[in-house]
Amino acid sequence: MVPLLDEQGIRLQRILTDGGAEYSADRLGKPENHTYQLYLVVEDIDLSGTKANHPQTNGICEPFHKTLQDECYSHLFRKKLYYNLEELQVDLDAWLEKYNRERPHSGRYCYGKTPWETFQQTRYLALEKDLSRGGDQSDNTTLQLSAVR
């Protein structure tokens, strides 16, 4: 996500994860040796955790996981035997491209648009919330705001 957001002039400020050990040095007891948390520090990204046993905290991801299982993995694994993760990644990337840029969504915020269209039309919101930019908006952001209205 970081390279994609960088291309759009948006800085990733915070990431929300569950309490898994792969995301949290608190469970391992050595934050200075935890690769994921070190990466977040280097990139100046805050880490927030979901509330335990409360899937609503990360509610948008739950339907995505079901869609990923139903529309991607269940079909791929019936059609092909994967010999390594790289082969699976190629097919997953192709599915994600269709999911984000071609497949209209009826869920919250999209209203029949693709996630990419929704992202592009609301990009100005992320730029407005980026305090590190000092609230300065580019001409491109103003044009996109006008297009949304």
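One can find the structure itself at the top, above this paragraph.
Residues numbered from 1 in each chain as written. Predicted model: local features only at pLDDT ≥ 70, side-chain atom pairs only at ≥ 80, totals over all residues. Heavy atoms only, no water.

Enquirer: Is there a simple way to think about helix α3 (residues 61-79) in this case?
Expert: One turn of the α-helix equals 3.6 residues, which is why residues spaced by three or four share an orientation. In this model, α3 (19 residues) spans 26 Å end to end at C-alpha, consistent with the 27 Å of a helix rising 1.5 Å per residue. Considering bend angle alone, the principal kink of α3 is centred on Gln 69 and spans about 35°. Among all positions of α3, only Thr 67, Leu 68, Cys 72, Tyr 73 and Leu 76 are buried. Check the buried side of α3 and you find it contacts α4 (85-101). (Helix = DSSP H or I, 4+ residues; strand = E, 2+ residues; numbered from the N terminus. Expected span 1.5 Å × (residues − 1). Bend = angle between axes of the 7 residues up to and from the residue. Buried < 20%, exposed > 50% of the residue type's maximum accessible area, 1.4 Å probe, protein only. Contact = heavy atoms within 4.5 Å.)

Enquirer: Would you mind going over the nonpolar core with me for this structure?
Expert: Inside soluble globular proteins, nonpolar side chains tend to come together where they are buried. Within the largest apolar cluster, nine residues are counted, these being Leu 68, Cys 72, Tyr 73, Leu 76, Tyr 82, Leu 88, Leu 92, Trp 95 and Tyr 99. Broken down by secondary-structure element, the contributors of at least two residues to this core are α3 and α4. The contact partners of Leu 68, leaving out residues within four places of it in the chain, are Tyr 73, Leu 92 and Trp 95. (Core = buried A, V, L, I, M, F, W, Y, C linked by side-chain atoms within 4.5 Å.)

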